[in-house]
Protein chains: 2
Amino acid sequence: MCQLLGMNCNTPTDICFSFEGFHTRGGLTDVHKDGWGIAFFEGPGCRVFLDVEPSAQSAVAKLVRHYPIHSRNVIAHIRKATQGRVALENTHPFQRELWGRYWIFAHNGNLGGNLKDFAPTLNGSFVPVGDTDSELAFCFLLQRLREEFGDAMPLRQPMFDFLAGITREIAAHGEFNFLLSNGNCLYAHCATKLAYLLRQAPFAVAHLKDQDVSVDFSEVTNPDDRVALIATLPLTDNEAWITMDPGTLMVFVDGLPAATARTA
Amino acid sequence: MCQLLGMNCNTPTDICFSFEGFHTRGGLTDVHKDGWGIAFFEGPGCRVFLDVEPSAQSAVAKLVRHYPIHSRNVIAHIRKATQGRVALENTHPFQRELWGRYWIFAHNGNLGGNLKDFAPTLNGSFVPVGDTDSELAFCFLLQRLREEFGDAMPLRQPMFDFLAGITREIAAHGEFNFLLSNGNCLYAHCATKLAYLLRQAPFAVAHLKDQDVSVDFSEVTNPDDRVALIATLPLTDNEAWITMDPGTLMVFVDGLPAATARTA
């Protein structure tokens, strides 16, 4: 399995602490060493850093660890290639534009080859550049959104309901854990493995699971700050991570869960 | 005016030397300090590094200067904001996907506000995320390509001819110097100011114009290597830069000009 990390906040927040632990899973504390990537929304703008080097050794990861980018929506992925060769075009997260917003997507499938018998008909509006089922699923998902809602982005609830339906459809083909964001909110689908944490006042000391590093968040936050972290496996060992039930789609807005739907 | 830099090669080449000179134009040797960006194609994959910090001071630029990414097509841009506020979503180069290829675009307009009375009708297939005329022109250009050629990428010559037509149309609205690439080749349009250099055997010492830095390319190249560099202003002071005629579209393939068209 690959590793996913997402963050959704009510105020622009840097992800340096979480990424410090997460990046070591790419070749150091874990075996996912076939590239990695991270996308930061800053307003409607978006920056995606990608590297085919293992994140534990990557010069780009070093930059991301030490350069605090403040973002309300972040998606990161460390890859264990199961399908699609190790190449930049197969490195998550993927980016497309729909309705004048960037959309970012990262997928965590399984070791056996992700989505079986998944061969949707694409109409050409979104076409994969690489060879992964993950990018294909992302393109299909955006195509369906555009077909359903036309030229204008729908309100949050109808979009969430429709996304739950597409997710159900795609998840029938294989393990479809994913994170998706358009910069407004963050969608998280647990097919088999995903957990989340709500970090809010009263803030305390958090200690990384993958490294002996702690941060006292009471010293670096404001009382109103709210951060939701979503990850394949909990990143800290002294906070109240909630394991998502397999077959659950959630959407996080302003650092809080805003809706939940069953997908299996 | 902003500053453009492009590179097209027959073999993956790093742009560190050229970028060393170029990046100082963002806030040090020149006044373009409203953000910058650079896109590297690696096969069909593409990495875009963006920053709203002046390139002369940017941590991301520091990474790019010291991390040799080998690419056959590179587009970089340093921004002097004339229209559209300083924000990540207004930072060039812009990226979209068409025909299962990433497309990268950067534009250098003028100080008066770029494209006047340019208000094309968009059909929703490509929609700007930010406020610039540049991104609007890019979206319009991709929309027209898709309308003309449907779901499959055309051959090089019909695509070039069609691009020349669209370029003529858009350039009627204002200064439309641009660089465009789909990872196969690099299009360069000179509306008012653009120069190029063909660097090939016999290789010699090149000396930067913006800094006292030299490289002896005979020591770091193979005899068959060919590199075309395209820039708003020559980057070196001892090589044979060719000033493009205003109203000229060129396409570079494998480090050589492959076609030229008049656009004015």
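Per chain, residues are indexed from 1 in the order of the written sequence. Numbering of ligands from 1 and lettering of chains from A proceed in the order in which they are written. In keeping with the model being predicted, local features are shown solely for residues with a pLDDT of at least 70 and side-chain atom pairs are shown and tallied solely at 80 or more, while totals for entire chains, interfaces and linings include all residues. Hydrogen atoms and water are omitted, and side-chain values are computed over all heavy atoms in the structure.

Under an unreviewed UniProt entry, chain A has the name Glutamine amidotransferase, class-II and belongs to Sulfuritalea hydrogenivorans sk43H.

**Brief notes about the overall build of chain A**
Only runs of H or I of at least four residues qualify as helices and only runs of E of at least two qualify as strands under DSSP, and these elements are numbered from the N terminus. Summing up its helical and strand segments, chain A has 4 helices and 15 strands in all. Put simply, the radius of gyration uses C-alpha atoms, and a globule should come to 2.2 Å times the residue count raised to 0.38. Expected size for 264 residues packed as a compact globule is a radius of gyration near 18 Å; at 17 Å, chain A falls within 12% of this value. The principal-axis extent of the C-alpha atoms belonging to chain A is close to 50 × 40 × 30 Å. Exposure categories follow from relative accessible area, calculated using a 1.4 Å probe and restricted to protein chains: below 20% of the type maximum is buried, above 50% is exposed, and the middle band is partly exposed. Across the 264 residues that make up chain A, the buried fraction comes to 61%. Excluding contacts between residues fewer than 6 apart, the proportion of contacts in chain A whose partners are at least 24 apart in sequence is 70%. What sets the accessible areas is the Shrake-Rupley method with a 1.4 Å probe; for residues, cover comes only from the shown protein chains. Surface summary for chain A: the accessible area is close to 9,300 Å², and the carbon and sulfur share equals 51%. Averaged over its 21 positive side-chain charges, chain A has a centre that lies 2 Å from the centre of its 29 negative ones. Any pair of residues with heavy atoms lying within 4.5 Å of one another is described as a contacting pair. His is not counted, nor are the chain ends, whereas Lys and Arg count as positive and Asp and Glu as negative. The atom standing in for a charge is NZ when the residue is Lys, CZ when it is Arg, CG when it is Asp and CD when it is Glu.

**With respect to the interface of chain B and chain A**
If you look at the interface, chain B gives 34 residues, while chain A gives 34 residues. In this assembly, chain B packs against chain A so that about 2,600 Å² is buried in total across both faces, 57% of it on carbon and sulfur atoms. Counting the surface chain B buries against chain A, the share from its top three residues, L88(B), E97(B) and V129(B), is 21%. Any carboxyl oxygen of Asp or Glu within 4 Å of a side-chain nitrogen of Lys or Arg constitutes a salt bridge here. Our count for the chain B to chain A interface comes out at 4 salt bridges. In this structure, the salt-bridge partner of R96(B) is E97(A), at a minimum N-O distance of 2.9 Å. Under this definition, polar contacts are N or O atom pairs within 3.5 Å; protein pairs additionally need one hydrogen-donor-capable and one acceptor-capable atom, and for neighbouring residues in sequence, both atoms have to be side-chain atoms. Viewed at the interface, chain A and chain B are joined by 14 residue pairs in polar contact (both at pLDDT 80 or more). Elements with a minimum of two residues in the side of chain B that touches chain A: β3 (45-51), α2 (59-66), β5 (94-98), β6 (101-108) and α3 (133-149) of chain B. A 1.4 Å probe defines the accessible area here, and the buried area is the portion of it lost by two parts on being joined, summed over both.

**What to know about the environment of I170(B)**
Residue and element names in this part refer to chain B. Among the structural elements, I170 can be located in helix α4 (residues 156-171). For I170, a relative accessible area of 0% translates into the label buried. In this structure the C-alpha to C-alpha distance between I170 and P120, which are 50 residues apart in sequence, comes to 9.5 Å. Ignoring any residue separated from it by four or fewer positions in sequence, one finds I170 in contact with L115, F118, A137, F140 and F176.

**Some details on the pattern of salt bridges**
Counted according to the given criterion, the structure contains 24 salt bridges over all chains. For E89(A), the salt bridge identified is with R85(A), shortest N-O distance 2.9 Å. Residue classification places R85(A) among the exposed positions, given a relative accessible area of 52%. One network of salt bridges, in which partners are shared, links E42(A), R47(A) and D51(B).

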